[in-house]
Amino acid sequence: MRIGRFLLTAVITASAVTAMATPQADKGKMDQFIDNLMGKMTLQEKIGQLNLPVSGEIVTGQAKSSDVAGKIRKGQVGGLFNVKGVENIREVQKIAVEQSRLKIPLLFGMDVIHGYETVFPIPLALSCSWDMEAIKESARIAAKESSADGICWTFSPMVDICRDPRWGRMAEGGGEDPYLGSEISAAMVKGYQGDDLTDKNTIMACVKHFALYGAPEAGRDYNTVDMSHLSMFNNYFPPYKAAIDAGVGSVMTSFNVVDGIPATGNKWLMTDVLRDRWGFDGFVVTDYTAISEMIAHGMGDLQQVSAMSLSAGTDMDMVADGFLTTLEKSLKEGKVTMAEIDKACRRILEAKYKLGLFDDPYKYCDASRVKKDIFTAENRAVARKIATETFVLLKNENNLLPLQRKGKIALVGPLANTKANMPGTWSVAAASDKYNSLYESMKQSLAGKAEVLYAKGSNLMYDAQREAEATMFGREMRDSRSAQELLDEALNVASQADVIVAAVGESSEMSGESSSRTNLEMPDAQRDLLTALKKTGKPIVLVYFAGRSTVMTWEQENFPAILNVWFGGSEAADAICDVVFGDVSPSGKLTTTFPKNVGQIPLYYNHLNTGRPLEAGKWFSKFRSNYLDIDNDPLYPFGYGLSYTTFRYGDLQLSNNSMNEKGKITASVTVTNTGNYDADEIVQMYIRDMVGSVARPVKELKGFERIHLKKGESRTVSFDITAEQLKFYNSALNWVCEPGEFEVMVGGNSRDVQTKKFSLQ
């Protein structure tokens, strides 16, 4: 969904609100209330509940919705999205509950993806914390802030598994692993929705994009997806199902085809899998214009694709106006049924009931909450702490990091002094003028102790047009000076410094929606800057910004310290300083594999073996599965991340070497902090099924624990292995575990593990 922000205002004639008081109790009472309401609704009003236009006169994507207020008065709107500001939302809600015939309140949605005005790290970064409580807390705070500003529904979490970082929306998801992705999915849903949706601090979540959106051919956004059902169920479906099991209130359809049929009109996906197999009882909303886009897929005209979508199980039409303008005609022609329209309408009304909007349409319109709940010092402190957990130390030769607060430090690079790029992509409610740039935070962090010398050094890239496309939505940073002028300034600053911190990488909009890339290496202008800085002979720390895994082979070979900071949110700059100067030891671990070359993509740890695997440690063997020009190994494996301290893993112990389906085996390892810093470590457990009825991955993450160890401290970490963790979908798509031999692997990343064997009897 590509949207902007628009504050919808309207001149409204005040009138007394006729309250639609309903008890928020059990399902029986809800059903009775909705039965009574639907009995009063005309066909047009029922169809109106299925319509989700974009607010006001904003033009985004491929569509424009106008005369929104008029449609609300006629009962032709079920909700709006991306209206910002509690007063604006109150004014629009007034139209619905004072000027429409049945006074049905509206839903107000927004892309609250990783925070509201207090912005948390992008979801990919959050996943690298492996901290489910922190992730849940980030969603809880996002719900608290957005609900204080009138929002009751978020289009999050995005849980699409992605194994191809050319796809820019990798930034929005939890990486490549279905187990970790499922844990994150459930944590986000619980954070947004809490235990009671009638609580004014909670909002309804919307898991997206169902389904398989993260696997487009060639990594190109909106492109075709084609995969086996085995891969769907074992690798891509689990995070969606985890959201359903966690009670998510709504689901968003994806743009791509599934088995050749666009997801929005795919009955197997929306009804057979989502509702019948998984038991989902919420409502399904399309992504932006997904219904009308089915025309380009070759599914028919707007009337045909709208009927197809409704019959498939899609309930709400975002922006395409297909339901609103064609369903009545389709009903008369027998192409849809009244039962299908009623079912979709009921699901929308149930969501409003569960949110308490029939009890109080202005539940989310308490203006006093804005100052006390949004962008508070408490919220920002949490965001800052969480951001420090997401940074991944990729290299630290000779312990260059952490830097001491002394001497002169040159801060150089196009990402060094930009507030707007700190939050990252999909931060539509961000208030960037309130945030620090890295330069500002570094000056504050070093005040009275060390001197910061700043130079931009280069533009993001040489091509001005390409840079404009990579810095949209207020992220512009182009400097009008020549490349040589920028470089000369940087070299002058570097010559005076003891150490160079280079803030380089992607701008925030180089990842995200419609930001696919074929070349994942450092942009040209920045690479030239780094080459020139290296020639100075000064020690260089790369503070590397990115929204995806990139190709960093050259950086790994040429620079002593690399800290991947992703995009850390509104408090990113302070958090970076916390880690760079050693107040916090980095502890993030990669949730996506980093390739050595874009030609290795897709590259992921939990792959199937080939019948001709390359021998371990070899580059090339004829008639084996390998390349002529590069080895098969990643640059940085899944689960990888360094610390300022060191950890020693003791011998892996199993409580038994066999079990039956009702038993369990406990795998234990003692981890010791052998370095000089108190720090967190993320202990990971992987399992391999050695023989199966279908080919099984070489390893799969099945457990992890984030632990804190003071220097010199030891702790034993234990993982219980049960039959449930050994299950997979077989060729009949049954969820089974099969007796046989297994390997369990434990370590600090997916590559460096200890291995033991056990059997399931």
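Residues numbered from 1 in each chain as written. Predicted model: local features only at pLDDT ≥ 70, side-chain atom pairs only at ≥ 80, totals over all residues. Heavy atoms only, no water.

**Comments concerning the overall build of the protein**
Check the secondary structure of the protein and you find 22 helices and 29 strands. For the protein, whose C-alpha radius of gyration is 27 Å, the value lies close to the compact-globule estimate of 27 Å for 761 residues. A buried classification covers 64% of the 761 residues belonging to the protein. Here the contacts in the protein between residues at least 6 apart in sequence split such that 79% fall between residues at least 24 apart. (Helix = DSSP H or I, 4+ residues; strand = E, 2+ residues; numbered from the N terminus. Rg over C-alpha atoms; globule rule 2.2 N^0.38 Å. Buried < 20%, exposed > 50% of the residue type's maximum accessible area, 1.4 Å probe, protein only. Contact = heavy atoms within 4.5 Å.)

**Side note on the pairing of strand β18 (residues 561–564)**
Here β18 shows a buried face lined by A561 and L563 and a second buried face lined by I562 and N564. With four bridges connecting them, strand β13 (residues 392–396) and β18 associate as antiparallel partners. Residue pairing in the sheet places K395 in a bridge with I562 of β18. Taking the sense of rotation as the criterion, the β-α-β connection linking strand β17 (residues 540–545), helix α21 (residues 553–558) and β18 turns out right-handed. (Pairing = 2+ DSSP bridges. Right-handed = clockwise from strand over helix to strand, strands pointing away.)

**Some points on empty space enclosed by the protein**
Scanning the model with the defined rule gives four cavities of 30 Å³ or more in all. Every residue lining the largest cavity is counted, 18 residues in all, and those nearest its centre are P123, M158, G173, G174 and I184. Residue assignment for the lining of the largest cavity shows that the elements contributing at least two residues are α5 (123–127) and α7 (178–193). With three residues, α7 is the largest single contributor of residues to the lining of the largest cavity. Of the residues that constitute the lining of the largest cavity, the class distribution is eleven nonpolar, five polar and two charged. If you add up the space inside the second largest cavity, you get close to 100 Å³. (1 Å grid on protein atoms, 1.4 Å probe; cavity = no way out; pocket = protein on both sides within 12 Å on 5 of 7 lines; lining within 4 Å. Points joined across faces, edges and corners; volume = space filled by probe spheres on them. Nonpolar A, V, L, I, M, F, W, Y, C, P; charged D, E, K, R; others polar.)

**A closer look at the side chain of R475**
Along the polypeptide, R475 turns up in the loop between α18 (464–469) and α19 (483–496). Side-chain polar atoms of R475 contact the side chain of S508, separated by 3.2 Å. Dropping the residues within four chain positions of it, R475 is found in contact with A420, N421, G424, S427, S508 and E509. (Polar contact = N/O pair within 3.5 Å; in protein donor to acceptor, adjacent residues only side chain to side chain.)

**A few points about a nonpolar patch on the surface**
Residues W619, F620 and L628 make up a contiguous nonpolar surface patch of about 350 Å² in total accessible area. Among the structural elements, W619 can be located in the loop between α22 (572–580) and β19 (647–649). (Patch = residues over 30% accessible without salt bridge, like charges linked within 9 Å, V, L, I, M, F, W, Y side chains within 5 Å. Areas by Shrake-Rupley, 256 points an atom, 1.4 Å probe, with all protein chains shown as cover. Salt bridge = Lys/Arg side-chain N within 4 Å of Asp/Glu carboxyl O.)

**Focus: the nonpolar core**
It is characteristic of soluble globular proteins that their nonpolar side chains tend to be buried jointly. By size, the foremost hydrophobic cluster in this structure holds 134 residues, and its most contacted members are W153, F210 and F237. Per-element tally for this core: the top contributor is helix α6 (residues 132–148), with eight residues. Counting residues in hydrophobic clusters, the runner-up holds 85 residues, among them L415, M442, V452 and M510. (Core = buried A, V, L, I, M, F, W, Y, C linked by side-chain atoms within 4.5 Å.)

**A few points about the packing of helix α1 (residues 27–40) against helix α14 (residues 338–354)**
Look at α1 against α14: their axes get within 10 Å of each other, and the N-to-C directions meet at 125°. Judged by the angle between their axes, α1 and α14 are oblique. Here α1 runs over α14; the crossing is right-handed. Side by side, α1 and α14 meet where K29, M30, D31, F33, I34, D35, L37 and M38 of the first sit next to D342, C345, R346, L349, E350, Y353 and K354 of the second. Split into classes, the residues belonging to the contact of α1 with α14 amount to eight nonpolar, no polar and seven charged. (Axes fitted to C-alpha atoms, helices over the stretch in contact; angles between N-to-C directions. Parallel < 35°, antiparallel > 145°, perpendicular 65-115°, else oblique. Left-handed = near helix turned anticlockwise from the far one by under 90°.)

**Details of the sheet that holds strand β21 (residues 658–659)**
One open sheet holds the five strands; their spatial order is β21-β29-β28-β23-β24, and the pairing between them is mixed. Either end of the sheet is taken by a strand with one partner, and the two such strands are β21 and β24 (700–709). As paired strands, strand β23 (residues 679–689) and β24 are joined by nine bridges and run antiparallel to one another. Bridge assignment links M685 to a residue of β24, and that residue is G703.

**Re the packing of aromatic side chains**
Tallied over the entire structure, the rule returns 33 aromatic pairs. Ring plane angle 70° and centroid distance 4.8 Å describe the contact between W153 and F155, whose orientation is recorded as edge-to-face. Here the two residues W153 and F155 agree in accessibility, since each one is buried. Summarising the aromatic geometry, the rings of Y644 and Y677 are spaced 5.8 Å apart at their centres and angled 55° between planes, so their arrangement reads as tilted. Of the two residues, Y644 sits in the loop between α22 and β19 while Y677 sits in the loop between β22 (664–673) and β23, which places them 33 residues apart along the sequence. An aromatic cluster is built from F210, F233, F237, Y240, W268, W278, Y729 and W735, whose rings are joined through pairwise contacts. (Phe/Tyr/Trp six-rings, centres within 6.5 Å; stacked < 30°, edge-to-face > 60°.)

**Describing the domain arrangement of the protein**
As assigned here, the protein comprises domain 1 (44–370), domain 2 (386–591), domain 3 (597–633) and domain 4 (645–760). Between the C-alpha centres of domain 1 and domain 3 the distance comes to 39 Å. Between domain 1 and domain 3, the residue contacts involve seven residues of the former and seven residues of the latter. Between domain 1 and domain 3, a total of about 630 Å² is buried, with carbon and sulfur atoms accounting for 51% of that surface. Joining domain 1 to domain 3, the criterion identifies zero salt bridges. (Domains from an automatic or database assignment. Buried area = accessible area lost by both parts, 1.4 Å probe.)

**Regarding the sheet that holds strand β5 (residues 107–110)**
Read across the sheet, three strands follow the order β4-β5-β6 without closing on themselves; strand pairing throughout is parallel. For this open sheet the edge positions go to β4 (79–81) and β6 (153–154), each flanked by a neighbour on one side alone. One ladder, built from three bridges, connects β4 with β5; its direction is parallel. Across the sheet, F81 pairs through a bridge with G109, a residue of β5.

**Quick notes on α1**
The end-to-end C-alpha distance of α1, which contains 14 residues, comes to 20 Å, matching closely the 20 Å that a straight helix rising 1.5 Å per residue would cover. Taken together, the buried positions of α1 are occupied by M30, D31, F33, I34, L37 and M38. Taken end-on, α1 shows its buried residues confined to a sector of 165°, consistent with a single buried face. Of the exposed residues in α1, the ones pointing more than 90 degrees away from its buried face are Q32 and G39. At its buried positions, α1 is contacted by α2 (43–48) and α14. (Expected span 1.5 Å × (residues − 1). Arc of directions from axis to C-beta.)

**Side note on the pattern of salt bridges**
Tallied over the full model, the rule gives 47 salt bridges. As a salt-bridge pair, R166 and D164 come within 2.7 Å of each other at their nearest N and O atoms. Across the pair, D164 and R166 agree in class, each one buried. E333 serves as the salt-bridge partner of K329, at 2.8 Å between the closest nitrogen and oxygen. K329 sits in the partly exposed class, given a relative accessible area of 44%. Each of D111, R169, E172, K208 and E513 takes part in salt bridges that share partners, so that together they form one network.

**Focus on the packing of helix α8 (residues 229–236) against helix α10 (residues 267–277)**
Running from amino to carboxyl end, α8 crosses α10 at an angle of 50°, the nearest separation of the two axes being 15 Å. With respect to α10, the element α8 is oriented oblique. Seen along the crossing, α8 lies across α10 with a hand that is right-handed. Counting all contacts with α8, which are made through H229, M232 and F233, the residues of α10 involved are W268, V273 and R277. Here the residues of the contact of α8 with α10 sort into four nonpolar, one polar and one charged.

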